[in-house]
Amino acid sequence: MTAHILLVEDEIKLAKFIELELGYEGYQVSVMHDGLAGLTAARELQPDLIILDWMMPGLSGIEICRRLRTTGDKVPIILLTAKDEVSDRVAGLDAGADDYLVKPFSIEELLARIRARLRQLQEVDVDILEFADLSLNRRTRQVFRGKRLIELTAKEFDLLEYLLMHPQQVITRDRILQQVWGYDFMGDSNVIEVYIRYLRLKLEATGDARLIQTVRSVGYVLRD
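Residues numbered from 1 in each chain as written. Predicted model: local features only at pLDDT ≥ 70, side-chain atom pairs only at ≥ 80, totals over all residues. Heavy atoms only, no water.

- If you check an unreviewed UniProt entry, the chain appears there as Regulator from Aliterella atlantica CENA595.

Written out as structure tokens, the structure reads:
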């Protein structure tokens, strides 16, 4: 699946240049030009990687890092900044950034760092996804609630897998529809509500606590 990159940069020309280069490399790109819009997009779009400018109107890149990490979001973040002092690099990394690139930079170096971060994501990918007493084995396609084996259909499994990949994160219905059913899905969007209900019935069959929570008018979150 094509990696989705969120670029938050207030310099319009630079943002356009980076967006075009990322597009040429085959990435899906979303662009925001201020900190508040960037933070909102990071939470709603669930990108695979974020490129953040340090100094922006509204919220700084550092503040966006802190807020995302505080909520448990582990998305890889690359900071772009003109600040090149060691203390600045330390501040950026302490705020939760995974990498740091000083302006002006070569686009080749940025692309290399993006590839490295996305490669790390693939390397840490494991067969077992767990949350609370719920576990899912991607290789055997088995799901357990405690020691109870839960039989799921293929689409129920895919939906639960996607939720388990983003625990504690509110995921919009549109995002679920795109990632689980595909961008070319032409059916009724209510299919998500139907499958969420199916999953809850099976996960809570013996009186277990609800793990899939509804966030009204937004989407769903896997939360204890």
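**Describing the overall build of the chain**
And then number 1: When you go through the chain residue by residue, the secondary structure sums to 8 helices and 12 strands.
And then number 2: Its C-alpha atoms give the chain a radius of gyration of 19 Å, within 12% of the compact-globule value 17 Å for 224 residues.
And then number 3: Along the first, second and third principal axes, the C-alpha atoms of the chain reach 55 × 40 × 30 Å.
And then number 4: Split into buried and exposed, the 224 residues of the chain put 45% on the buried side.
And then number 5: Pairs at least 24 apart in sequence give 58% of the contacts found in the chain among residues at least 6 apart.
And then number 6: Charged side chains in the chain number 29 positive and 36 negative. The centres of these two groups are separated by 5 Å. (Helix = DSSP H or I, 4+ residues; strand = E, 2+ residues; numbered from the N terminus. Rg over C-alpha atoms; globule rule 2.2 N^0.38 Å. Buried < 20%, exposed > 50% of the residue type's maximum accessible area, 1.4 Å probe, protein only. Contact = heavy atoms within 4.5 Å. Lys, Arg positive; Asp, Glu negative; His and termini not counted. Charge placed at Lys NZ, Arg CZ, Asp CG, Glu CD.)

**Looking at the UniProt feature "modified residue: 4-aspartylphosphate" (unreviewed entry) in the chain**
And then number 1: Mapped onto the present numbering, the UniProt feature "modified residue: 4-aspartylphosphate" (unreviewed entry) falls at Asp53.
And then number 2: Here Asp53 lies in strand β3 (residues 49-53).
And then number 3: Excluding residues that lie within four positions of it along the chain, Asp53 makes contacts with Val8, Glu9, Asp10, Gly61, Leu80 and Lys103. (UniProt positions renumbered as here; feature names shortened; annotations may be inferred.)

**A closer look at the sheet that holds strand β10 (residues 171-172)**
And then number 1: With antiparallel pairing, 3 strands are arranged side by side in an open sheet as β10-β12-β11. Only two strands of the sheet have a single neighbouring strand rather than two, namely β10 and β11 (212-215). (Pairing = 2+ DSSP bridges.)

**Thoughts on the domain arrangement of the chain**
And then number 1: On domain assignment, one finds that the chain holds domain 1 (4-123) and domain 2 (128-222).
And then number 2: Each of domain 1 and domain 2 has a C-alpha centre, and these two points are 29 Å apart.
And then number 3: On the domain 2 side, the residues contacting the 7 residues of domain 1 number 7 residues.
And then number 4: Among the residues domain 1 hides against domain 2, the three largest losses belong to Gln28, Glu44 and Gln46. Together they make up 64% of the total.
And then number 5: Remark: the boundary between domain 1 and domain 2 carries 0 salt bridges.
And then number 6: On inspection of domain 1 and its partner domain 2, the count reaches 3 residue pairs in polar contact (both at pLDDT 80 or more).
And then number 7: For the side of domain 1 that touches domain 2, the element with the most residues is helix α2 (residues 35-45), which contributes 3 residues.
And then number 8: Of the residues belonging to the side of domain 1 that touches domain 2, the class tally is 1 nonpolar, 3 polar and 3 charged. (Domains from an automatic or database assignment. Buried area = accessible area lost by both parts, 1.4 Å probe. Salt bridge = Lys/Arg side-chain N within 4 Å of Asp/Glu carboxyl O. Polar contact = N/O pair within 3.5 Å; in protein donor to acceptor, adjacent residues only side chain to side chain. Nonpolar A, V, L, I, M, F, W, Y, C, P; charged D, E, K, R; others polar.)

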